[in-house]
Amino acid sequence: MLGNDTRRKILSVLAQGPMYFNQLAREIAVGQQAVLRHLQALEENGLIEAYSEKSTLGAPDRKYYRLTDSFIMTISLSEDHFTMTKQKLVESRHEESKKYYQVLDATPDEAWPALSSFQENLVDVNKEISALESRLNDLYSLKQQILHRLHRIGTDNFTEEERRILYFIVQESPRSITDLSDMMGEKEFGLKAIIKIMKSKMDEDNARLLFDNLQ
């Protein structure tokens, strides 16, 4: 859904507020038929919804579109790793965020005083997000280095079938051979046989650390 540039433009525009169809088509400068197809796809996938508002001038009702979902989508792609996660936006009020919530809660309802408070609070929140994203980027870099070295060990010492098992064990930490079987969609007896061969290639202490819980 989000891989299409026009759909991303539609979502970006609707993030500023609801729009009726003709207004939206003009805003993103795309033909109406194309916009309609993209709107239908976004609506079918639960990202937007349509609703009607009566005209005050006696004209036909206008069909508006608005966003219906709030989430964070993260894509991580590197030489040794690919993940894509979607996380619902939830107000948790973590201890580290409380001061920003307190500013928001103390913001007056009057429009004009609220504007300057919003601006100051957003500056601080954006700085905090930037700092967290920088640390997250560093952790992803660390993860990439760990996975790269893991894959190098796998390539140098194990067959393709064995490597697949190794990567699942190291990355997912299954608690039993049954967990590993469920994760990989493979039969337990087949996994046990391959793990026995893998153990024979390793020294006893490290083999025990890696495989002992897979009984």
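Heads up: these notes are all about the structure in this document.

## Here's the deal with the side chain of His151
Along the chain, His151 falls in helix α5 (residues 111-157). A polar atom in the side chain of His151 sits 2.8 Å from the side chain of Asp80. Setting aside residues no more than four positions away along its own chain, His151 makes contact with Asp80, Tyr167 and Gln171.

## Examining the layout of surface pockets
In this structure, the largest pocket occupies an estimated 1,300 Å³ of space. As for the largest pocket, its lining consists of 30 residues, of which Ile72, Leu89, Ser97, Ile129 and Leu132 are closest to the centre. Elements represented by at least two residues in the lining of the largest pocket include exactly β4 (71-78), β5 (81-88), α4 (98-106) and α5. Counting residues per element, the lining of the largest pocket draws most heavily on α5, at 13 residues.

## Digging into the packing of aromatic side chains
What characterises a pair of aromatic rings is the spacing of the ring centres plus the angle enclosed by the ring planes. What the rule picks out here adds up to two aromatic pairs. Judged by centre distance (5.7 Å) and plane angle (20°), the ring pair of Tyr51 and Tyr64 falls under stacked. With Tyr51 in strand β2 (residues 48-53) and Tyr64 in strand β3 (residues 62-67), this residue pair connects regions lying 13 residues apart in the sequence. A relative accessible area of 14% places Tyr64 in the buried class. By way of ring pairs, the aromatic residues Tyr20, Tyr51 and Tyr64 are connected into one cluster. One cation-aromatic arrangement involves Arg66 over Tyr51; the distance from NZ or CZ to the ring centre is 4.0 Å. Lying across the ring of Phe71, Lys86 places its NZ or CZ 4.5 Å from the centre.

Criteria and cut-off values
- Residues numbered from 1 in each chain as written.
- Predicted model: local features only at pLDDT ≥ 70, side-chain atom pairs only at ≥ 80, totals over all residues.
- Heavy atoms only, no water.
- Helix = DSSP H or I, 4+ residues; strand = E, 2+ residues; numbered from the N terminus.
- Polar contact = N/O pair within 3.5 Å; in protein donor to acceptor, adjacent residues only side chain to side chain.
- Contact = heavy atoms within 4.5 Å.
- 1 Å grid on protein atoms, 1.4 Å probe; cavity = no way out; pocket = protein on both sides within 12 Å on 5 of 7 lines; lining within 4 Å.
- Points joined across faces, edges and corners; volume = space filled by probe spheres on them.
- Phe/Tyr/Trp six-rings, centres within 6.5 Å; stacked < 30°, edge-to-face > 60°.
- Buried < 20%, exposed > 50% of the residue type's maximum accessible area, 1.4 Å probe, protein only.
- Lys NZ or Arg CZ within 6 Å of the ring centre and 35° of its normal.

So yeah, pure geometry; function would need other evidence.
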